[in-house]
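# Architecture at a glance
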2 protein chains.
Amino acid sequence: MKRISFADTRCSLAQSLDMIGEWWTLLIIREAYFGTRRFSDFQSHLGIARNVLAERLERLVANDILQRVPVSPGSKRAHYRLTEKGRDLVTVVIALVQWGDRWVMGPENAPVRMVDRATGEDIDTVQVRAKDGRPLGLHDIGLEPGPGADDAIRDRFSEAITDTGAVRWRIRRHMAA
Amino acid sequence: MKRISFADTRCSLAQSLDMIGEWWTLLIIREAYFGTRRFSDFQSHLGIARNVLAERLERLVANDILQRVPVSPGSKRAHYRLTEKGRDLVTVVIALVQWGDRWVMGPENAPVRMVDRATGEDIDTVQVRAKDGRPLGLHDIGLEPGPGADDAIRDRFSEAITDTGAVRWRIRRHMAA
DNA sequence: ATTTTTGGTTGCGAAAAGCAACTTAATAGT
DNA sequence: ACTATTAAGTTGCTTTTCGCAACCAAAAAT
């Protein structure tokens, strides 16, 4: 299939998806987070085709999400480890795992538990919060053009908020009349 | 391409990705969160091919992430709105947008700002926390087999944690010797 | 009543994902 | 030291899905 790249789109989500939105990529990252380093282990744990795995790893390394570390200096064989940028993605992975636990598997069928190692307790549900720590629902979040907004984006946002908490844009053709 | 389905995999992340991991799907959800309801608006805002959009919407409705609402009772035309399950995904979308802002666009180029409507302040960075609110780094999170774990998963987890905070599994063939 | 818009569907070509066999370099065994 | 095995990919082929553009029917507007 001809697949569009979002690389030139002015949108953080599109940019992110351009790096990690492909089939398998997020599972590879989770696997790396679980401690997998070796090509064969990624392959056997995930059941991914080897050529696809090779391509994904290469892309993740190119995007500085994984780091390719020679297994011994000068060796052609290497291991793959998460970079800082990659480790920062684990938040997203965990949010998605928790969503799956809540809505698909059911919490009582969650295959893995994530615990706070200090207390042994389950970690909290990842959620959106205000700076002071208050959990925010969708209604509590406002959207505005950011510092890097272009006209297209600025056009879409007004102060008006719909009942789902999202932004309603001005219907210009009707306002002109 | 022949694409594997994760639907029968015993893994929340795979299950989640089976629903939302396809090309475009998360952008459609973001768009719905921004308030878009109509087919044509999804199409023109995202620039997605119409047949692909139709397929994605159908799949999202089948998975109860979007709801198809007839525009007037009995009409064949419909609008699409996020369900509760879909709205719960916005956390993931926001986490991913923030990651893109941090690592790809750069915070100063963020095209949209998300603010706490009560205060007008930027929302906090989505992060993993303990039940008592402490932010947790990767090292602070322990992984254990959950209530729905099967043998394959149980085999992979031990109490040993590597320096990246992830789990190291027992190397059984060496232990047997 | 006729035109325009909306919400799709159909058909085609291209590129990506799956499968399996092959290759080459590093390790292990004797 | 020599051979066997494993690890880490690569190559070639097939299948499936995505992107594009044209088409179609129902609803709305004029």
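Being a predicted model, the structure only gives us computed values, none of them experimental. (Residues numbered from 1 in each chain as written. Chains lettered and ligands numbered in written order. Predicted model: local features only at pLDDT ≥ 70, side-chain atom pairs only at ≥ 80, totals over all residues. Heavy atoms only, no water.)

We now examine the packing of helix 2 (residues 25-33) of chain B against helix 6 (residues 90-105) of chain B. All names here are of chain B. Packing of helix 2 against helix 6 brings their axes to within 10 Å, and their N-to-C directions diverge by 105°. Regarding the angle of helix 2 to helix 6, the classification is roughly perpendicular. Taken together, the residues of helix 6 that come into contact with helix 2 (itself represented by Leu 26, Ile 29, Arg 30 and Tyr 33) are Val 90, Val 93, Ile 94 and Leu 96. (Axes fitted to C-alpha atoms, helices over the stretch in contact; angles between N-to-C directions. Helix = DSSP H or I, 4+ residues; strand = E, 2+ residues; numbered from the N terminus. Parallel < 35°, antiparallel > 145°, perpendicular 65-115°, else oblique. Contact = heavy atoms within 4.5 Å.)

Facing the 99 residues of chain B at the interface are 101 residues of chain A. Buried area between chain B and chain A, summed over both chains or domains, comes out near 9,200 Å², and the portion from carbon and sulfur atoms is 66%. The tally of links between chain B and chain A comes to eight salt bridges. Between Glu 144 of chain A and Arg 113 of chain B there is a salt bridge, with its nearest N and O atoms 3.8 Å apart. If you look at where chain B meets chain A, you find 31 residue pairs in polar contact (both at pLDDT 80 or more). Put simply, the parts of the chain that give the side of chain B that touches chain A at least two residues each are helix 1 (12-20), helix 2, helix 3 (39-46), helix 5 (84-88), helix 6, strand 3 (112-116), strand 4 (141-145) and helix 7 (151-156) of chain B. Grouping the amino acids of the side of chain B that touches chain A by side-chain chemistry returns 52 nonpolar, 18 polar and 29 charged. (Buried area = accessible area lost by both parts, 1.4 Å probe. Salt bridge = Lys/Arg side-chain N within 4 Å of Asp/Glu carboxyl O. Polar contact = N/O pair within 3.5 Å; in protein donor to acceptor, adjacent residues only side chain to side chain. Nonpolar A, V, L, I, M, F, W, Y, C, P; charged D, E, K, R; others polar.)

This paragraph deals with the pattern of salt bridges. All names here are of chain B. This structure, assessed with the given rule, holds 29 salt bridges over all chains. Asp 132 serves as the salt-bridge partner of Arg 134, at 3.2 Å between the closest nitrogen and oxygen. The partly exposed category is assigned to Arg 134, whose relative accessible area is 32%. Across the salt bridge formed by Arg 154 and Asp 151, the nearest N and O atoms sit 3.1 Å from each other. Of this pair, Arg 154 and Asp 151 are both found in helix 7, three residues apart, which corresponds to roughly one turn of the helix. For Asp 151, a relative accessible area of 53% gives the class exposed. Connected through salt bridges with shared partners, the residues Asp 18, Glu 22, Glu 55, Arg 56 and Arg 59 form a single ionic network. (Buried < 20%, exposed > 50% of the residue type's maximum accessible area, 1.4 Å probe, protein only.)

This part covers the nonpolar core. By size, the foremost hydrophobic cluster in this structure holds 96 residues, and its most contacted members are Ile 28 of chain A together with Ile 28 of chain B. What Ile 28 of chain A contacts, discounting residues up to four positions off in sequence, is Phe 42, Leu 46, Ile 48, Leu 53, Arg 56, Leu 57, Leu 60 and Leu 66 of chain A. (Core = buried A, V, L, I, M, F, W, Y, C linked by side-chain atoms within 4.5 Å.)

Now for the relation of the copies chain B and chain A. Here two copies of a chain appear, and what relates them is a rotation about an axis with a shift along it. Placing chain B over chain A gives an RMSD of 0.1 Å and needs a rotation angle of 180°, together with 0.0 Å of translation along the axis. Here the symmetry operator amounts to a two-fold rotation axis. Scanning chain B for the C-alpha nearest the rotation axis identifies Val 92 of chain B, at a separation of 3.0 Å. The residues that chain B uses at the interface reappear at the interface of chain A in 99% of cases, marking a shared surface. (Least-squares fit on C-alpha atoms with pLDDT ≥ 70 in both.)

Among all positions in helix 3 of chain B, only Asp 41, Phe 42, Gln 43 and Leu 46 of chain B are buried. Looking at the buried positions of helix 3 of chain B, the neighbouring elements they touch are helix 2, helix 4 (50-62) and strand 2 (78-82) of chain B.

What follows covers the environment of Ile 153 of chain A. Tracing the chain through its elements places Ile 153 of chain A in helix 7 (residues 151-156). By relative accessible area, which is 14% here, Ile 153 of chain A ends up buried. Separated by 143 residues in the primary sequence, Ile 153 of chain A and Arg 10 of chain A place their C-alpha atoms 8.9 Å from one another. Setting aside residues no more than four positions away along its own chain, Ile 153 of chain A makes contact with Arg 10 of chain A together with Pro 111 and Val 112 of chain B.

On to the packing of aromatic side chains, then. Inspection of every chain in the model, using the stated rule, returns six aromatic pairs over all chains. Both rings, one in Trp 24 of chain A and one in Phe 6 of chain B, keep their centres 4.8 Å apart while their planes meet at 80°; by these two values the pair is edge-to-face. In this pair, Trp 24 of chain A is assigned in the loop between helix 1 (12-20) and helix 2 (25-33) and Phe 6 of chain B in the segment before helix 1, connecting two distinct chains. The pair Trp 24 of chain A / Phe 6 of chain B is uniform in exposure class, with both members buried. On the basis of an interplanar angle of 45° and a centroid distance of 5.8 Å, the ring pair of Tyr 33 of chain B and Phe 34 of chain B is categorised as tilted. The pair Tyr 33 of chain B / Phe 34 of chain B is uniform in exposure class, with both members buried. Every member of this aromatic cluster is reached through a ring pair, and the members are Phe 6 of chain A together with Trp 23 and Trp 24 of chain B. (Phe/Tyr/Trp six-rings, centres within 6.5 Å; stacked < 30°, edge-to-face > 60°.)

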